[in-house]
Amino acid sequence: RAKMKFKHSIWSSYFNEITIEETVERLTAAGFEYAELSTYHTTTLIGRDQDHEKTGLSLRNYLSDKGFTISQGHLNFEKGLCNPEIVDDIKRELDLYLGIGIRNAVIHVNGGNDLDDQRRYECRVQALTELAQYIKGTPLRLCLENLGSVPETHTVDRIRKFIDAVGSDQLKICLDTGHLHLVNGRGEVQL
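Residues numbered from 1 in each chain as written. Predicted model: local features only at pLDDT ≥ 70, side-chain atom pairs only at ≥ 80, totals over all residues. Heavy atoms only, no water.

Extensive coverage of strand β5 (residues 141-145) is indicated by the burial of four of its five residues. In the sheet, strand β4 (residues 104-108) pairs with β5 via five bridges, with the strands oriented parallel. Bridging from a neighbouring strand, His 108 pairs with Glu 145 of β5. Handedness of the crossover is the feature at issue here: the chain leaves β4, passes through helix α5 (residues 117-134), returns alongside β5, and the resulting connection is right-handed. Note: β5 against strand β6 (residues 171-174), four bridges, orientation parallel. Bridge pairing links Leu 142 to Leu 171 in β6. (Buried < 20%, exposed > 50% of the residue type's maximum accessible area, 1.4 Å probe, protein only. Helix = DSSP H or I, 4+ residues; strand = E, 2+ residues; numbered from the N terminus. Pairing = 2+ DSSP bridges. Right-handed = clockwise from strand over helix to strand, strands pointing away.)

And the structure:
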């Protein structure tokens, strides 16, 4: 029976008041070898240069020199997938992640709360379809996260509806155990 090696990781915004490079320095000094790139650090990296993949490659070289890995990043989730600007914003983040070598991009299937159920579902599927097509043929995957605040993502079966509708191997599931506890593992919100 094969042993599974856990890669202890930490959210980079544990140090969100400093650059990602300074964060890596502190995490390395504390014994960490892995981190998830937070939305905060993603946004600050996007602001460095218009060539987002080049920015990512520069960070990749830095990380390599430090023996540090960022294998997962968290995409911006504040606007929601039904916001017309979000797909272009996320594409820039995906370019950055490709440069860094990030393989898993966590995405929230949210937004469109002002729409009826069918239209909200359709706009989310449309955004996911466009993003999956954008990264097709790359090692990058969009990992749909279960959210306590979004009933359509409370369970794996509900998330699978989005994955099946898009029909792309670029979509996977990110299981957030903290969020799972918010809905008692069965999709029922806990008070």
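The next subject is the sheet that holds strand β1 (residues 9-11). Spatial ordering of the open sheet is given by β1-β2-β3-β4-β5-β6, a layout of six strands whose pairing is parallel. The open sheet has two edge strands, β1 and β6, and neither has a second partner. Taking the axes of each pair of neighbouring strands and ignoring which way they run, one obtains an average angle of 30° across the sheet. The pairing of strand β2 (residues 34-37) with strand β3 (residues 69-74) spans four bridges and is parallel. Paired with Leu 37 across the strands is Gly 73, a residue of β3. (Axes fitted to C-alpha atoms, helices over the stretch in contact; angles between N-to-C directions.)

With that out of the way, let us pick up the packing of helix α1 (residues 20-29) against helix α3 (residues 52-66). A pair of packed helices is captured by two measures, namely the crossing angle of their axes and the spacing between those axes. One way to put it is that α1 packs onto α3 with a least axis distance of 11 Å and a crossing angle of 15°. Classified by the angle between their axes, α1 and α3 sit roughly parallel to one another. Judged by the twist between their axes, the crossing of α1 over α3 is right-handed. Packed against α1, whose contacting residues are Ile 20, Glu 21, Val 24 and Glu 25, the element α3 presents Leu 59, Tyr 62, Leu 63 and Lys 66 at the interface. Its residues assigned to classes, the contact of α1 with α3 comprises five nonpolar, no polar and three charged. (Parallel < 35°, antiparallel > 145°, perpendicular 65-115°, else oblique. Left-handed = near helix turned anticlockwise from the far one by under 90°. Contact = heavy atoms within 4.5 Å. Nonpolar A, V, L, I, M, F, W, Y, C, P; charged D, E, K, R; others polar.)

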